[in-house]
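Listed below are the residues making up each chain.
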Amino acid sequence: MGFFSGTIFILIHRICVNPKFQNQGIATKTLKYIETFCKTNSYKTIRIDCFTENPYSLKLYDKAGYLVVGYANWRKGKFELREKRL
């Protein structure tokens, strides 16, 4: 088992890419790495929050198969709570 042995899900708050390196597929590769790590370590679900006014992250998570399961209002504004079952 992995470092977080026994945990059913893993939570990601943000994936940020330095503007100098955007549009190079880094966020997609990072997300795939996280998914592989989670599968290898027997996680069942990945949860992530996504700012509703960030069209790039919305597209990234849609394309990767993350479903909207709720919403939260935090200091910055409204966020989608997303989830992907592995």
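Before going into details, it helps to say that this report is about the structure given with it. (Residues numbered from 1 in each chain as written. Predicted model: local features only at pLDDT ≥ 70, side-chain atom pairs only at ≥ 80, totals over all residues. Heavy atoms only, no water.)

**Considerations on the overall build of the chain**
Counting its regular elements, the chain contains two helices and four strands. In sequence order, the chain lays out its α and β elements as β-α-β-α-β-β. Counting every position in the chain, which comprises 86 residues, the buried fraction comes to 33%. For the chain, restricting intrachain contacts to residue pairs at least 6 apart in sequence, the fraction spanning at least 24 positions comes to 60%. As displayed, the chain has an accessible area near 6300 Å², and 56% of this comes from carbon and sulfur atoms. The distance from the centre of the 15 positive side-chain charges to the centre of the 6 negative ones in the chain is 6 Å. (Helix = DSSP H or I, 4+ residues; strand = E, 2+ residues; numbered from the N terminus. Buried < 20%, exposed > 50% of the residue type's maximum accessible area, 1.4 Å probe, protein only. Contact = heavy atoms within 4.5 Å. Areas by Shrake-Rupley, 256 points an atom, 1.4 Å probe, with all protein chains shown as cover. Lys, Arg positive; Asp, Glu negative; His and termini not counted. Charge placed at Lys NZ, Arg CZ, Asp CG, Glu CD.)

**Regarding the side chain of Lys 84**
Take Lys 84: it is sitting in strand 4 (residues 77-85). A distance of 3.2 Å separates polar atoms of two side chains, one belonging to Lys 84 and the other to Glu 35. A distance of 2.7 Å separates a polar side-chain atom of Lys 84 from the backbone oxygen of Ala 64. Once residues within four sequence positions are removed from consideration, Lys 84 is found in contact with Glu 35, Lys 44, Thr 45, Ile 46, Ala 64, Gly 65 and Tyr 66. (Polar contact = N/O pair within 3.5 Å; in protein donor to acceptor, adjacent residues only side chain to side chain.)

**Some thoughts on a nonpolar patch on the surface**
Residues Ile 8, Phe 9 and Leu 11 make up a contiguous nonpolar surface patch of about 280 Å² in total accessible area. For Ile 8, the location among the structural elements is in the segment before strand 1 (9-12). (Patch = residues over 30% accessible without salt bridge, like charges linked within 9 Å, V, L, I, M, F, W, Y side chains within 5 Å. Salt bridge = Lys/Arg side-chain N within 4 Å of Asp/Glu carboxyl O.)

**Brief notes about the nonpolar core**
Counting 14 residues, the largest nonpolar core has Cys 38, Ile 46, Tyr 61 and Tyr 66 as its most contacted members. When contributions to this core are tallied by element, the ones reaching two or more residues are strand 1, helix 1 (26-40), strand 2 (45-51) and helix 2 (55-63). Broken down by element, the residue count for this core peaks at four residues, all from helix 1. Dropping the residues within four chain positions of it, Cys 38 is found in contact with Ile 10, Tyr 43, Ile 46 and Leu 86. (Core = buried A, V, L, I, M, F, W, Y, C linked by side-chain atoms within 4.5 Å.)

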